[in-house]
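Topology and contacts: notes
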Amino acid sequence: MKKLYILLASLLAVAGISAPAAAQTEEEAPNRILVIDKAQYFAGYNIPYIEGIQFAHVDGEVMAPIEVLGVSDDLSSISCSLKMTPACKYYRISIAMELQAQRWNDISFIRYTENTGTLPDTEAFDYAEIKGLNLKRGTSYYLISVAYDEYNTAVGVSKAYFTTPDVEIVGNPHVDVQVVNVTLDSFTLSFNPNKDVLYYYYMAFEENTWQEYLAMWGPSFGCSTISELIAMWWNYQGVVGPATVTWDPSMDIFPGETYDVIVAAADINGNFAPHQMITVSTQSQGGTGEAFVEIEAVDYTAEIWGDQILPSLWVTFWPNDETARYRYRLYYDYEWERYGELLVEELMQDPPQPGITDWWTYDPIINEYQLMPSTTVYGISVAQNSLHEWGTPNVVEITTPDECEGYNPAAYKISPVDPDVVRNMMSRGGMNLQNAKRGVMAPRPEQMKKIVVTQKTAK
């Protein structure tokens, strides 16, 4: 096995591919070979089963160009033609919705075809029909062919784009939508369908995100339009007749944000007309100056965490009058020492996908963190004003007291800290420190016991 590993390392070096350093012991020696492609798919081989490793060269292009000739009226079949280059020994065919495949590369098309496509075939053809399909009207697809060489290697990808005929809409289904009221964290719309509407659906999205939702969830549920996806989310129980609807904070509506409300109206046959969209912006808070959020540790008490009594650090986050929205987080000292400003930059980035709730905070709050005595943490807050301009980040170093009244250290076993592992700090709260009426600030909790907490602005 050692000779095979040395041979493999030499071959990889010739090909310009890095190999792992030689292991020091037999127990550490690699016993698998993983071939990883650029899409991070890999094929694994058990080294004892490998007889040899070779590199090969294939002359010419390996392709099976495919073309769509027509789509049947009932959308159950398509006609196509396919050619093969001399280096192509066989091919496989598949069909994918454009919405599903719009971000794919050739490797993705290959994997999809190998998982869902036809059996291998070796004959080119000028005309053939692919039957047994269940295509959707008004939907775009790719007809895909993957060409293989003499070594059974998937190489060439050919795609033929086609769109099925639209469904015929009866009449002119339309819903008149009017804005009734807008506040800091809510808006109300009225819906009045015309006589051609059998039923309709509506849904609000953060501005310019409904397309991402459709791309993310549409293919999984067989939906090619946002109207179909909304109907599925509504469990196909459409609204009949006029309606007045209010979106509020329980639906993740926040100040100074813009929302796209999609309306899907169906005709007498239940077919959707092109969707309607109305854009609504909630009232803004904050100013145009520099946004900043104060961080203050206000108490250290023994509280119930699960089935134990453990110390809790209470921390308030107080935005200034210029702040429209902000983000915050506490990190252990070893996390700050290791990552530093990268943690601040991370907080100032946009979420990785749409629909992440609680990504922004809008009001002053108090949070509770389970932290042991003599623990140092770093609180970070980053804020934007009403123009969505970032203010100066606030980084505060906080060290809990040496003791916590009511906490018995002997009853709790402290696990050792691994500085190479980022731990999830136990926290709870997010209690709003404003009065019931938004815009009226509650007083600072002076009644809370002031504690001996070492707190300073971090450099």
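Everything quoted here is computed from the prediction, not taken from an experiment.

On to the overall build of the protein. Along the backbone of the protein there are seven helices and 22 strands. A burial count over the protein gives 42% of its 459 residues as buried. Counted over contacts in the protein with a minimum sequence separation of 6, partners at least 24 positions apart contribute 72%.

Let us now look at unusual backbone geometry. Phi is positive for L75, which is not a glycine, with a value near 60 degrees. By the secondary structure assignment, L75 is in the loop between β3 (66-71) and β4 (78-82). In this model, H388 sits at a positive phi of 60 degrees, which is unusual for a non-glycine residue. Tracing the sequence through the fold places H388 in the loop between β19 (376-384) and β20 (394-399).

We now examine the sheet that holds strand β5 (residues 90-97). Strand order in the open sheet formed by three strands is β5-β7-β8, with antiparallel pairing between adjacent strands. On the outer flanks of this sheet lie β5 and β8 (154-163), each paired with one strand and no other. Adjacent strand axes in the sheet meet at a mean angle of 20 degrees, parallel and antiparallel pairs treated alike. Across nine bridges, strand β7 (residues 140-148) lies against β8 in antiparallel orientation. Paired with V146 across the two strands is V157, which belongs to β8.

Next up on the list: the pairing of β3. Here β3 pairs with β4 via five bridges, running antiparallel. Bridged to E67 within β4 is S81. As consecutive antiparallel partners, β3 and β4 are separated by six residues, and within that stretch L75 has a phi angle of approximately 60 degrees, a positive value.

Another aspect to go through is the nonpolar core. Burial of nonpolar side chains together is a common tendency in soluble globular proteins. Of all hydrophobic cores here, the largest spans 36 residues; its most connected members are L82, I93, L143, F162, F205 and I226. Looking at this core, the element that brings in the most residues is helix α5 (residues 226-233), giving five residues. Ignoring sequence-local partners within four residues, the contact set of L143 consists of I66, V68, I78, C80, I93, S94, I95, I130, S158, K159, A160 and F162. A291, I365, V396 and Y407 belong to the second-largest nonpolar core, a separate cluster that totals 25 residues.

Time to look at the packing of aromatic side chains. Summed over all chains, the structure comprises 26 aromatic pairs. Ring geometry for W104 and Y112: centres 4.9 Å apart, planes at 45 degrees, overall tilted. We classify Y112 as buried; its relative accessible area is 17%. Taken together, a centroid distance of 5.9 Å and an interplanar angle of 35 degrees make the contact between F187 and Y259 tilted. Residue F187 is found in strand β10 (residues 187-193), and its partner Y259 is found in strand β13 (residues 258-266); the two are separated by 72 residues along the sequence. Judged by its relative accessible area of 0%, F187 is buried. Grouping aromatic residues by their ring pairs yields a cluster made of F187, F191, Y199, Y200, Y201, Y202, W234, W247, Y259 and F272.

Tracing the sequence through the fold places Q100 in helix α2 (residues 98-101). With 115 residues separating them in the primary sequence, Q100 and A215 have C-alpha atoms 6.6 Å apart. Once residues within four sequence positions are removed from consideration, Q100 is found in contact with Y112 and P219.

Each α-helix winds once per 3.6 residues, and so residues spaced three or four apart point in a common direction. Buried residues of helix α4 (residues 210-217): W210, Y213, L214 and A215, and no others. The secondary structure elements touched by the buried residues of α4 are α2, β11 (199-206), α5, β13 and β14 (276-281).

Turning our eyes to something else, we now look at the side chain of R92. With respect to the helices and strands, R92 occurs in strand β5. Look at R92: it is buried, it has no salt bridge, and the nearest opposite charge is E114 at 5.5 Å. Of note is the side chain of R92, whose polar atom sits 3.4 Å from the backbone oxygen of E114. Here T118 takes part through its backbone oxygen, which lies 2.7 Å from a polar atom of the side chain of R92.

This brings us to the sheet that holds β4. The three strands lie next to each other as β3-β4-β6, forming an open sheet whose pairing is antiparallel. The open sheet terminates on both sides in strands that have one partner only, identified here as β3 and β6 (125-130). Here the strands of the sheet are splayed against their neighbours by 25 degrees on average, with no regard to which way each runs.

As a further point, take the environment of V197. Residue placement: V197 occurs in the loop between β10 and β11. Under the relative-accessibility criterion, V197 is labelled buried at 14%. Here the alpha-carbon distance between V197 and N172, two residues 25 residues apart in the chain, equals 8.0 Å. When neighbours within four sequence positions are excluded, V197 is seen to be in contact with P173, H174, V175, A265 and A266.

On to the side chain of D37. Following the sequence through the fold, D37 ends up in the loop between β1 (32-36) and β2 (42-46). Taking the relative accessible area as the measure of exposure, D37 reaches 17% and is therefore buried. There is a polar contact of 2.6 Å between the side chain of D37 and the side chain of R111. Other than its neighbours up to four places away in sequence, D37 contacts I107 and R111.

In terms of burial, α5 is largely enclosed, as seven of its eight residues are buried. Those residues of α5 that sit buried are I226, S227, E228, L229, I230, A231 and M232. Tucked into the core, α5 has its buried residues touching β11, α4 and β13. Downstream of α5 by a residue or two, N235 has a phi angle that is positive, lying close to 60 degrees.

Criteria and cut-off values
Residues numbered from 1 in each chain as written. Predicted model: local features only at pLDDT ≥ 70, side-chain atom pairs only at ≥ 80, totals over all residues. Heavy atoms only, no water. Helix = DSSP H or I, 4+ residues; strand = E, 2+ residues; numbered from the N terminus. Buried < 20%, exposed > 50% of the residue type's maximum accessible area, 1.4 Å probe, protein only. Contact = heavy atoms within 4.5 Å. Pairing = 2+ DSSP bridges. Axes fitted to C-alpha atoms, helices over the stretch in contact; angles between N-to-C directions. Core = buried A, V, L, I, M, F, W, Y, C linked by side-chain atoms within 4.5 Å. Phe/Tyr/Trp six-rings, centres within 6.5 Å; stacked < 30°, edge-to-face > 60°. Lys, Arg positive; Asp, Glu negative; His and termini not counted. Salt bridge = Lys/Arg side-chain N within 4 Å of Asp/Glu carboxyl O. Polar contact = N/O pair within 3.5 Å; in protein donor to acceptor, adjacent residues only side chain to side chain.

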